[in-house]
Amino acid sequence: MILIPILGDQCSHDLASLRDVAKEEAVVLMMEVAEETTYVRHHKAKIALILSAMRHFAAELEKDGWTVDYVTLDQRGNSGSFDGEVERAVRRHAVERIRIVEAGEWRVQKTIERWRRRFGLPVEIIEDDRFFCPILDFQTWAQGRRELVMEHFYREMRRRTGLLMDGDEPEGGVWNLDKQNRKPPRKGAVYPHPMRFTPDAVTREVLDLVEDHFADHFGSIEEFHLPITAGEAKRALGHFVRTALPDFGTWQDAMVEGERFLFHSWLSPALNCGLLTAAEVCEAVAEAYAAGDVPLNSAEGFIRQILGWREYMRGIYWLEMPELGRANALHHDRPLPEFYWTGETDMLCLRQAISSTRDLAYAHHIERLMVLGNFALLAGVDPEAISDWFLVVYADAYEWVELPNVVGMSQFADGGRLGSKPYVSSGAYIDRMSDYCRHCRYDVKQKTGEDACPFNALYWDFLARHERLLRGNHRMSPIYRNWDRMADEQKRAYRTSARAFLGTLEPAAKGWAKA
Ligand code: FAD
Ligand code: DLZ
Ligand code: SF4
């Protein structure tokens, strides 16, 4: 018998381990295990999504003729770990070999690599071809390059896949239309909403289980409406392409009070647990463009997120692990402020992003980068603490995509290997790209003092603190020239204001992210 363990983020019917195997010679093993539900104390919605998707996927496989050995979280004898459950399954079935698709996370991959020795059985670890770029291909691309520029990687991927290509040339004659994609919110705009799915009996049972077992985890599941089967995810994709994609590009960076999604897709939870493949999503977008339903700036902007950023982040993760998990180039050591968990802060932009995160396990990209990440970086929060937070709170968070985004892109903790400069801004950027500041208790126009937007003083204080490292960066030098022109008194006022504000931050209680 061949044992085919399928992990929670591998709920894909075309999974490589299910190909070229006779169904009658195989047992599929799916395991709900405590180790995965609590290695960080995930948002309740993320646990609900994974367990419900796994249960639905197992039922679909059985319908399709596979024998599935499904271990539920509450099952008697559940050992609580992948190791323990594979060991029990090896004893239950006459297993001759194990066949598994490589794990998404480094920690789990290391576990799988020990199985051959542990169980004394052949273990076939198969490449995860749901990604466009195999891990080894990325490593070959990265070899010998001093800078790993995403845009260069992306162009190579466009050529390789033929997506939005006109022969050897990019569709429309340019590779990247981002210049058209930075518009602030438009007054009176009406935003579509991602498709919502009413929980069925299986999902309702999982939601009850989550409330029972994980009551003290962060977040709410009252608004749980995510797609949990491939069929639902496909409908959500179609709905997005019709209703939001045409405007996705232009308002990609905008933020609006009370609007959680704007023109974003909210497809990442389905994509990352395997209900949708990256190819399926990119092809749907390219087809909509070819049919004339979507402008090029939106189609290109969206495809770049998946074919470019998503693949690039995965490549970086496997290139840089395990060191990436410990990176702290700026030597930041401030504990995460408690308000990241409670939402109790007067800063409206942060309150908005945190309430969306709590209620939906979602915040869109620019909130993650320029509000939540920006604040943590300016305040000097320990990258591991903010990374744990990001891994806990989003339904799409798996370490392979979370860590490079947080530690690399957002916190500059890799010293600039991933991004050529830190993503930092004062309140002016948030004011330009949102309508938040109008209703905030702080004044975004004031530079220093108790009523001034905290981002303003924190921004200059950050630049002053890290002058030695950052002044030489050619993309930062115009900013340092502004600093140089500033009167000493002004500089001192910024630094005093920043220190006073930082002194008010309550450190997070222990136990939110990890037991
Ligand atoms: P859309 O705006 O609709 O974008 C479409 C798709 O592009 C997304 O579904 C996603 O698959 C992909 N994408 C876009 N940007 C990125 C990116 N930078 N890296 C990888 N894929 C990208 N994404 C995750 O999937 N998991 C995470 O844990 C995660 N953590 C992040 C942490 C920080 C600090 C930052 C700045 C970004 C993070 N991202 C993460 C990337 C991005 O913010 C999310 O993919 C996106 O917000 C998901 O929402 P959406 O599906 O509505 O995206
Ligand atoms: C995220 C998650 C959770 C919460 N629970 C499970 C689980 O019980 N069983 C399982 O197979 N997978 C789960 N996952 C997803 C895994 O963490 C994910 O598949 C691995 O981290 C990938 O390496
Ligand atoms: Fe955020 Fe500052 Fe604007 Fe308030 S004033 S919403 S803290 S950027």
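The structure presented is a predicted model; accordingly, all values stated were derived computationally and were not measured.

Student: For this particular structure, what's the right way to read the domain arrangement of the protein?
Tutor: Interface size is commonly expressed as the accessible surface area that is lost when the partners come together. According to the domain assignment, the protein contains domain 1 (2–126), domain 2 (135–194 + 244–320) and domain 3 (339–502). The interface is formed by 13 residues belonging to domain 1 together with twelve residues belonging to domain 3. Between domain 1 and domain 3, the buried area comes to about 990 Å², and carbon and sulfur atoms account for 61% of it. Linking domain 1 to domain 3 there are zero salt bridges. Remark: the boundary between domain 1 and domain 3 carries five residue pairs in polar contact (both at pLDDT 80 or more). For the side of domain 1 that touches domain 3, the leading source of residues is helix α2 (residues 44–63), giving four residues. When the residues that make up the side of domain 1 that touches domain 3 are grouped by side-chain class, the tally is six nonpolar, three polar and four charged.

Student: Teacher, can you tell me more about the packing of helix α16 (residues 365–379) against helix α17 (residues 383–393) here?
Tutor: The relative placement of two packed helices comes down to the angle between their axes together with the axis-to-axis distance. α17 packs onto α16 with a crossing angle of 145° between their chain directions and a minimal axis gap of 10 Å. Between α16 and α17 the crossing geometry is right-handed. Residues Arg-368, Leu-372, Gly-373 and Ala-376 of α16 form the contact with α17, whose participating residues are Ile-386, Trp-389 and Phe-390. By residue class, the composition of the contact of α16 with α17 is five nonpolar, one polar and one charged.

Student: Help me understand the state of the cysteines, please; the structure alone is not making it clear to me.
Tutor: Using the criterion set out here, one finds zero disulfides in the structure. Left without a disulfide partner, Cys-133 is nearest to the cysteine sulfur of Cys-282, which lies 13 Å away.

Student: Please explain the environment of Ser-355 as it appears in this structure.
Tutor: Within the element layout of this structure, Ser-355 appears in helix α15 (residues 348–360). A residue is classified by how much of its surface remains accessible, and Ser-355, at 19% relative accessible area, is buried. As for Ser-355 and Tyr-340, which are separated by 15 residues in sequence, their C-alpha atoms are 9.6 Å apart.

Student: Explanation requested: the site of ligand 1 in the structure shown.
Tutor: Neighbouring residues of ligand 1: 28 residues in total, closest His-264, Ser-265, Trp-266, Asn-272 and Tyr-362. With respect to ligand 1, the side chain of His-264 contributes an N or O atom lying 2.6 Å from an oxygen atom. Note that an oxygen atom of ligand 1 is positioned 2.7 Å from one of the backbone N or O atoms of Trp-266. Across the complex, the protein chains shield 99% of the 810 Å² of accessible surface that ligand 1 would expose by itself. Looking at the shell around ligand 1, the elements with two or more residues in it are α11 (268–272), α13 (296–320), α16 and α18 (399–410). The element that contributes the greatest number of residues to the shell around ligand 1 is α13, accounting for six residues. Viewed by domain, the shell around ligand 1 spans two of them, domain 2 (135–194 + 244–320) and domain 3 (339–502), each represented by three or more residues.

Student: Help me understand the packing of aromatic side chains in this model?
Tutor: The geometry of an aromatic ring pair is captured by the separation of the ring centres together with the interplanar angle, meaning the angle of the planes. Considering all chains together, one arrives at 32 aromatic pairs under this definition. Where Trp-141 meets Phe-153, the ring centres are 5.4 Å apart and the plane angle is 65°; that geometry is what we call edge-to-face. One end of the pair, Trp-141, is in helix α6 (residues 135–142); the other, Phe-153, is in helix α7 (residues 150–161), and twelve residues separate them in sequence. A relative accessible area of 2% places Phe-153 in the buried class. Ring geometry for Tyr-317 against Trp-318: centres 5.2 Å apart, planes inclined by 85°, an arrangement best described as edge-to-face. Since its relative accessible area comes to 13%, Trp-318 is described here as buried. Among the aromatic residues, ring-to-ring pairing joins Phe-218, Phe-339, Tyr-340, Trp-341, Phe-375, Trp-389, Phe-390, Tyr-394, Phe-455, Phe-501 and Trp-512 into one connected group.

Student: Looking at this model, I keep getting lost on the sheet that holds strand β2 (residues 26–31). Mind explaining?
Tutor: Strand pairing in a sheet takes place through backbone hydrogen bonds and is either antiparallel or parallel in direction. Strand order in this open sheet of five strands is β3-β2-β1-β4-β5, and the pairing throughout is parallel. Two strands bound the open sheet, and with one partner strand each, they are β3 (67–71) and β5 (123–126). Within the sheet, the average angular offset between the axes of one strand and its neighbour, ignoring direction, is 25°. The pairing of strand β1 (residues 2–5) with strand β4 (residues 97–101) spans two bridges and is classified as parallel. Opposite Leu-3, over in β4, you have Ile-98 as the bridge partner. Across the sheet, helix α3 (residues 82–92) lies against β1, β2, β3 and β4, angled at about 150° from β2, the strand it touches most.

Rules and cut-offs
- Residues numbered from 1 in each chain as written.
- Chains lettered and ligands numbered in written order.
- Predicted model: local features only at pLDDT ≥ 70, side-chain atom pairs only at ≥ 80, totals over all residues.
- Heavy atoms only, no water.
- Domains from an automatic or database assignment.
- Contact = heavy atoms within 4.5 Å.
- Buried area = accessible area lost by both parts, 1.4 Å probe.
- Salt bridge = Lys/Arg side-chain N within 4 Å of Asp/Glu carboxyl O.
- Polar contact = N/O pair within 3.5 Å; in protein donor to acceptor, adjacent residues only side chain to side chain.
- Helix = DSSP H or I, 4+ residues; strand = E, 2+ residues; numbered from the N terminus.
- Nonpolar A, V, L, I, M, F, W, Y, C, P; charged D, E, K, R; others polar.
- Axes fitted to C-alpha atoms, helices over the stretch in contact; angles between N-to-C directions.
- Left-handed = near helix turned anticlockwise from the far one by under 90°.
- Disulfide = S-S within 2.5 Å.
- Buried < 20%, exposed > 50% of the residue type's maximum accessible area, 1.4 Å probe, protein only.
- Near = heavy atom within 4 Å.
- Areas by Shrake-Rupley, 256 points an atom, 1.4 Å probe, with all protein chains shown as cover.
- Phe/Tyr/Trp six-rings, centres within 6.5 Å; stacked < 30°, edge-to-face > 60°.
- Pairing = 2+ DSSP bridges.

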